[in-house]
Amino acid sequence: MSKKFYVIWKGAQTGIFTTWPEVQKHTAGRSDAQYMGFESKSEAEQAFASTYTKALMKRSLSKNSATATAPVSNRKVASKTAGKSTSAKAATISPNGPSDIEIYCDGACSPNPGKSGTGLAVYEQGKVTSLYYGLHLANGTNNTAELNGLLSAFQLAQHFIDKNSEQSISILSDSRYSIDAITKWAKGWQAKGWTRGKGEEIKNLALIQQCYALYKTMHTKIAIRHVKGHANIEGNELADRMAVLARQQQQKSMIRYSEAINIKAILAMDSG
């Protein structure tokens, strides 16, 4: 059952909300946003009276409690194969096998460090249904743009989990750094007080901490896949074009691409 109550601890507005569009409105484009969905108003009220960190810990440690999404059984992978791309290059779709929901994320930065942006491409049942772009930073890096992409993908994945926890969800990125930082290194860094060996500083720590906190609440419900960048994989290429668009337009908030999704035309846009 979809969660109907959302708590926003940090955003343009805070409080308890009952629709996902409200949550998007108050949190879009904020890398520091803190929010979570709940099945009942009383659970939401209790969580809002506490802190985001405590709510994350409670959900992570009590997966089978009423405040957590029900455990996912062996979910079926979507049986329908994706259709041919309308791109003139006939880009490959779902190179690792299709999931019900696939969220491609990518970052672009020029020069590095320099102006950066982030893009997402969302596929449902093998068909691209929405594109997002934003999170422009005047002095970003490739790594911050990629981490922002992973964070945005996690936030979007949570929305799909809340709607239907039985869907198979994959998040696809061409950044080994961002994937490894969250799925491999963060656990050890946290155990060392968020430092590397010998107390060395961790770059992009705030972003990594936020990504990891959210990842821990959903890691059993998603798959994270690495895809090769600029290898004619349609979802990755679309996310790349959106990241470049965010950089070019200096779009700070993460917004939905409002024009018709003409894959051939989008792929002809500037690439990163």
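Preceding this section is the structure that the text describes.
Every value quoted in this text rests on a predicted model; they were computed, and no experiment measured them.

Asks: Before we go on, may I ask you to explain the sheet that holds strand β5 (residues 114–124) in this structure?
Replies: In any sheet, the strands associate via hydrogen bonds between backbone groups, in a parallel or an antiparallel arrangement. Pairing within the open sheet is mixed, and its six strands lie in the order β8-β7-β4-β5-β6-β9. Each edge of the open sheet is held by one strand with a lone partner, namely β8 (222–226) and β9 (255–256). Sheet topology places strand β6 (residues 127–140) next to β9; two bridges connect them, and they run antiparallel. Residue Tyr133 lies in a different strand from β9, and its bridge partner there is Ile255.

Asks: Help me understand the packing of helix α4 (residues 142–163) against helix α6 (residues 205–218) in this model?
Replies: A pair of packed helices is characterised by two quantities: the angle between their axes and the separation of those axes. One can describe the packing of α4 onto α6 by two numbers: an axis separation of 10 Å at closest approach and a directional angle of 25°. It follows from the interaxial angle that α4 and α6 lie roughly parallel. As for how α4 packs across α6, the hand of that crossing is left-handed. Residues Thr144, Leu147, Asn148, Leu151, Phe154, Gln155, Ala157, Gln158 and Ile161 of α4 form the contact with α6, whose participating residues are Leu207, Ile208, Gln210, Cys211, Leu214, Tyr215, Thr217 and Met218. Taken together, the residues that form the contact of α4 with α6 break down as 11 nonpolar, six polar and no charged.

Asks: Where do I start with the pairing of strand β7 (residues 169–173) in this structure?
Replies: The two faces of a sheet get side chains in turn, since along a regular strand they alternate between them. Along β7, five of the five residues are buried, which leaves the element largely enclosed by surrounding structure. Bridging between strand β4 (residues 101–110) and β7 involves five bridges; their strand directions are parallel. Its bridge partner lying in β7, Ile103 is registered against Ile171.

Asks: Can you walk me through helix α1 (residues 20–27) in this structure?
Replies: Because each turn of an α-helix spans 3.6 residues, side chains separated by three or four positions in sequence point in the same direction. Where α1 is concerned, the buried positions are Trp20, Val23, His26 and Thr27. Along the long axis of α1, the arc covered by the buried residues comes to 130°, so they all point the same way. Facing away from the buried side of α1 by over 90 degrees, the exposed positions are Pro21 and Lys25. Buried positions along α1 lie against β1 (5–10), β2 (15–17), β3 (34–38) and α4.

Asks: Help me understand the sheet that holds β3 in this model?
Replies: Strands sit in the order β2-β1-β3 across an open sheet of three strands; the sheet is antiparallel. On the outer flanks of this sheet lie β2 and β3, each paired with one strand and no other. For this sheet the average axis-to-axis angle between neighbouring strands, irrespective of direction, equals 25°. Of the strand pairs in this sheet, β1 and β3 are connected by five bridges, and their pairing is antiparallel. Bridge pairing in β3 links Val7 to Met36. This element, helix α2 (residues 41–49), spans β1, β2 and β3 of the sheet and lies at about 10° to β1.

Cut-offs applied
Residues numbered from 1 in each chain as written. Predicted model: local features only at pLDDT ≥ 70, side-chain atom pairs only at ≥ 80, totals over all residues. Heavy atoms only, no water. Pairing = 2+ DSSP bridges. Helix = DSSP H or I, 4+ residues; strand = E, 2+ residues; numbered from the N terminus. Axes fitted to C-alpha atoms, helices over the stretch in contact; angles between N-to-C directions. Parallel < 35°, antiparallel > 145°, perpendicular 65-115°, else oblique. Left-handed = near helix turned anticlockwise from the far one by under 90°. Contact = heavy atoms within 4.5 Å. Nonpolar A, V, L, I, M, F, W, Y, C, P; charged D, E, K, R; others polar. Buried < 20%, exposed > 50% of the residue type's maximum accessible area, 1.4 Å probe, protein only. Arc of directions from axis to C-beta.

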